[in-house]
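Okay, here's what each chain looks like letter by letter:
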Protein chains: 2
Amino acid sequence: MSTVIFALRPVEADGPLTVALPLVRRTRDPHEGQWALPGGWLDIRESLGSAASRTLAETTGLAPSYLEQLYAFGAVDRSPTRVVSIVYWALIRPDEIVEDGIENVGWFGAEGLPPLAFDHNEIVDYALWRLRNKVGYSRIAHGLLGDEFTLAELREVYQTILDRKLDPANFRRQVENSGTLIPTDRYRTGSHRPARLYRYNQDVELADRGPLSTPH
Amino acid sequence: MSTVIFALRPVEADGPLTVALPLVRRTRDPHEGQWALPGGWLDIRESLGSAASRTLAETTGLAPSYLEQLYAFGAVDRSPTRVVSIVYWALIRPDEIVEDGIENVGWFGAEGLPPLAFDHNEIVDYALWRLRNKVGYSRIAHGLLGDEFTLAELREVYQTILDRKLDPANFRRQVENSGTLIPTDRYRTGSHRPARLYRYNQDVELADRGPLSTPH
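Residues numbered from 1 in each chain as written. Chains lettered and ligands numbered in written order. Predicted model: local features only at pLDDT ≥ 70, side-chain atom pairs only at ≥ 80, totals over all residues. Heavy atoms only, no water.

Visitor: Describe the overall build of chain A, naming the residues involved and giving the relevant values.
Guide: Looking only at helices and strands, chain A features 4 helices and 8 strands. The order of helices and strands in chain A, counted from the N terminus, is β-β-β-α-β-β-β-α-α-α-β-β. For 216 residues, the compact-globule estimate of 2.2 N^0.38 gives 17 Å, and chain A sits close to it at 18 Å. Counted over contacts in chain A with a minimum sequence separation of 6, partners at least 24 positions apart contribute 60%. Counting only carbon and sulfur atoms, one obtains 47% of the accessible surface of chain A, whose full area is about 11100 Å². For chain A, the centre of its 24 positive side-chain charges and the centre of its 29 negative side-chain charges are spaced 5 Å apart. (Helix = DSSP H or I, 4+ residues; strand = E, 2+ residues; numbered from the N terminus. Rg over C-alpha atoms; globule rule 2.2 N^0.38 Å. Contact = heavy atoms within 4.5 Å. Areas by Shrake-Rupley, 256 points an atom, 1.4 Å probe, with all protein chains shown as cover. Lys, Arg positive; Asp, Glu negative; His and termini not counted. Charge placed at Lys NZ, Arg CZ, Asp CG, Glu CD.)

Visitor: Tell me about the domain arrangement of chain A, and please be specific about residues and values.
Guide: All names here are of chain A. Taken domain by domain, chain A holds domain 1 (2-134) and domain 2 (141-211). Here domain 1 and domain 2 have C-alpha centroids that lie 26 Å from each other. Listed by partner, the interface residues are 15 residues for domain 1 and 12 residues for domain 2. For the pair domain 1 and domain 2, the two sides together bury roughly 1100 Å², of which 66% comes from carbon and sulfur. (Domains from an automatic or database assignment. Buried area = accessible area lost by both parts, 1.4 Å probe.)

Visitor: Describe the packing of helix α3 (residues 151-162) of chain A against helix α4 (residues 168-178) of chain A, with residues and values.
Guide: Residues and elements named next belong to chain A. Between α3 and α4, whose axes approach to 11 Å, the crossing angle comes to 100°. In terms of orientation, α3 and α4 fall into the roughly perpendicular class. Counted together, L151, L154, R155 and Y158 of α3 and P168, F171, R172 and V175 of α4 form the full contact between these two elements. The residue inventory of the contact of α3 with α4, partitioned by class, reads 6 nonpolar, no polar and 2 charged. (Axes fitted to C-alpha atoms, helices over the stretch in contact; angles between N-to-C directions. Parallel < 35°, antiparallel > 145°, perpendicular 65-115°, else oblique. Nonpolar A, V, L, I, M, F, W, Y, C, P; charged D, E, K, R; others polar.)

Visitor: Tell me about the pairing of strand β7 (residues 181-188) of chain B, residues and numbers included.
Guide: Along any regular strand the residues' side chains alternate between the sheet's two faces. In the sheet, β7 of chain B pairs with strand β8 (residues 195-200) of chain B via 5 bridges, with the strands oriented antiparallel. Looking at β8 of chain B, one finds that Y187 of chain B is bridged to R196 of chain B. (Pairing = 2+ DSSP bridges.)

Visitor: Go over the side chain of T150 of chain B with me, naming the residues and quoting the values.
Guide: All names here are of chain B. Its location among the elements puts T150 in the loop between α2 (120-134) and α3 (151-162). Residue T150 is classed as buried on the basis of its relative accessible area, which comes to 6%. Contacts of T150, omitting those with residues within four sequence positions, involve R188, A195, R196 and L197. (Buried < 20%, exposed > 50% of the residue type's maximum accessible area, 1.4 Å probe, protein only.)

Visitor: Outline the pattern of salt bridges, supporting the account with residue identities and numerical values.
Guide: Residues and elements named next belong to chain A. A full pass over the atoms with the stated rule returns 18 salt bridges over all chains. A salt bridge links E58 to R54; the shortest N-O distance between them is 3.2 Å. You can see E58 and its partner R54 sitting in helix α1 (residues 48-60), 4 residues apart, about one turn around the helix. For R172, the salt bridge identified is with E176, shortest N-O distance 3.5 Å. Here E176 and R172 lie together in helix α4, a separation of 4 residues that amounts to about one turn. With a relative accessible area of 42%, R172 lands in the partly exposed category. (Salt bridge = Lys/Arg side-chain N within 4 Å of Asp/Glu carboxyl O.)

Visitor: Describe in detail the pairing of strand β2 (residues 17-25) of chain A, supporting the description with residues and values.
Guide: All names here are of chain A. Both strand β1 (residues 2-10) and β2 contribute to a ladder of 4 bridges, which runs antiparallel. When the sheet's bridge partners are listed, P10 is paired in β2 with L17. Between the antiparallel neighbours β1 and β2 lie 6 residues, among them D14 with a positive phi of about 65°. By the bridge criterion, 5 bridges tie β2 to strand β6 (residues 105-109) in an arrangement that is antiparallel.

Visitor: Any details on the environment of A110 of chain A? Residues and values, ideally.
Guide: Mapping A110 of chain A onto the fold places it in the loop between β6 and α2 (120-134). In sequence terms A110 of chain A and N121 of chain A are 11 residues apart; their C-alpha atoms lie 9.4 Å from each other.

Visitor: Tell me about the packing of aromatic side chains, and please be specific about residues and values.
Guide: Applying the stated criterion across every chain, the model contains 16 aromatic pairs over all chains. When the centroid spacing of 6.1 Å and the interplanar angle of 75° are considered together, the rings of F73 of chain A and Y126 of chain A count as edge-to-face. Residue F73 of chain A is located in strand β4 (residues 68-73), and its partner Y126 of chain A is located in helix α2; the two are separated by 53 residues in the primary sequence. The exposure class assigned to F73 of chain A is buried, which follows from its relative accessible area of 1%. Y126 of chain A gets classed as buried once you look at its relative accessible area, which sits at 6%. Seen from their ring centres, F149 of chain B and Y200 of chain B are 5.4 Å apart, and the 50° between their planes marks the pair as tilted. Pair noted here: F149 of chain B is in the loop between α2 and α3 and Y200 of chain B is in strand β8, with a separation of 51 residues, a long-range link. Note on accessibility: F149 of chain B and Y200 of chain B belong to one class, buried. (Phe/Tyr/Trp six-rings, centres within 6.5 Å; stacked < 30°, edge-to-face > 60°.)

Visitor: Which residues make up α3 of chain B, and what values go with them?
Guide: Residue and element names in this part refer to chain B. In this model α3 runs 16 Å from its N-terminal to its C-terminal C-alpha over 12 residues, within 8% of the 16 Å that 1.5 Å per residue would give. Among the residues of α3, L151, L154, R155, V157, Y158, Q159, T160 and I161 are the ones counted as buried. The elements touched by buried residues of α3 are β1 (2-10), β2 (17-25), α2, α4 (168-178), β7 and β8. Of the residues flanking the end of α3, it is D163, one or two places downstream, whose phi is positive at about 60°. (Expected span 1.5 Å × (residues − 1).)

Visitor: Go over the environment of L116 of chain B with me, naming the residues and quoting the values.
Guide: Residue and element names in this part refer to chain B. Relative to the helices and strands, L116 is located in the loop between β6 (105-109) and α2. As a C-alpha pair, L116 and I86 span 30 residues in sequence and 17 Å in three-dimensional space. What L116 contacts, discounting residues up to four positions off in sequence, is L23, Q34, W35, N121 and V124.

Visitor: How would you explain the confidence of the model for chain A if you had to name every residue and give the values?
Guide: Averaged over every residue, the pLDDT of chain A is 88; the share at 70 or more is 93%. Counted against residues more than four places away or in other chains, residues 206-211 of chain A, with its pLDDT under 50, gives 13 contacts. (pLDDT = per-residue confidence, 0-100.)

Visitor: Which residues make up the environment of P30 of chain A, and what values go with them?
Guide: Residue and element names in this part refer to chain A. Structurally, P30 can be placed in the loop between β2 and β3 (35-36). Spatially, the C-alpha atom of P30 lies 54 Å from that of P194, the residues being 164 residues apart in sequence. Leave out the neighbours within four places in its chain, and P30 touches P80 and F118.

What follows is the structure, given as structure tokens:
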């Protein structure tokens, strides 16, 4: 079991928002000293989703509220012994990140990773592809935002994931037409002019979870 | 390893087109005599995709050109011993179906199945959900049609998968606007007035396969 967890955060202090993920430095062979996805072995008495949550918490201290199965990787030569890895993925908000007291964990930008252990570079690339693909047809961006957000904040999430600029007026129109957002009476105030806060409409059926939304 | 293969075919002679799948009658315990998804065990020297193709061919004689990983099912109680099943799925055209000389194989409508072995009812329901969901944002319907088809034939595929009528004029407009179809110079002739044949535009980027389109 391995897990890819994405968050939007600067990789360097004061740097731009980036799609980033936590990696764990391996303390034993194979690949001792290399960075790898957080993970561990499936216990005979636990479901796949439970194992993903447990191994993630043990290695990184992270507990995302939602984990989704990504893919089972089983190339014959991916490990010195035959290992099929069932990979989960999750999104977390920056304020959910715990970094105190966790050894051997580092955050990296998802693009331009160093060579990772096993086939983990390939796994991250696939997860990133899935994230970019899915943001176009589901409201997965939700997992990277708080309960309430401005349209500019939502647009920044999309821009960071897709790695391109989006026209603010077009973006507003598309989001408003989608029926997935509910305007609130509250506003974000600060250095800019006040911006209305929105929340997701929980009544809109998601196209992204399906009947297996409970852990399997 | 198990595989869900969908085809559109009548379940009864002269019946309506239905989303149907082949099942294999189990000849040993557990669940001897019950119907189950075609499948078998992963060999230590083969990739997941190869194992899916092999076990499918051995049990049903079917060889779809494209198999996609669906999900790994690993509930603790899904089998008397602990078994994680990595499930693939595929679509085939009716003319690709081989039925001669294959014992213990039967075709069933995907809705209203009898109780299957293990958690295979749940697996079929999930695959059906994925099919219905995916037909909305990818050109997966292609896998159920020949190289050339009329708009009425394509619409019938969508109607059967989605189990509802689609307005012909709206359907035509949406398909034409999508840029995924290329009109040919050929026509389907028969009892109705001649209908133009279309083919899929191979240049349009697919949103449905991604970087793992080769078997893993």
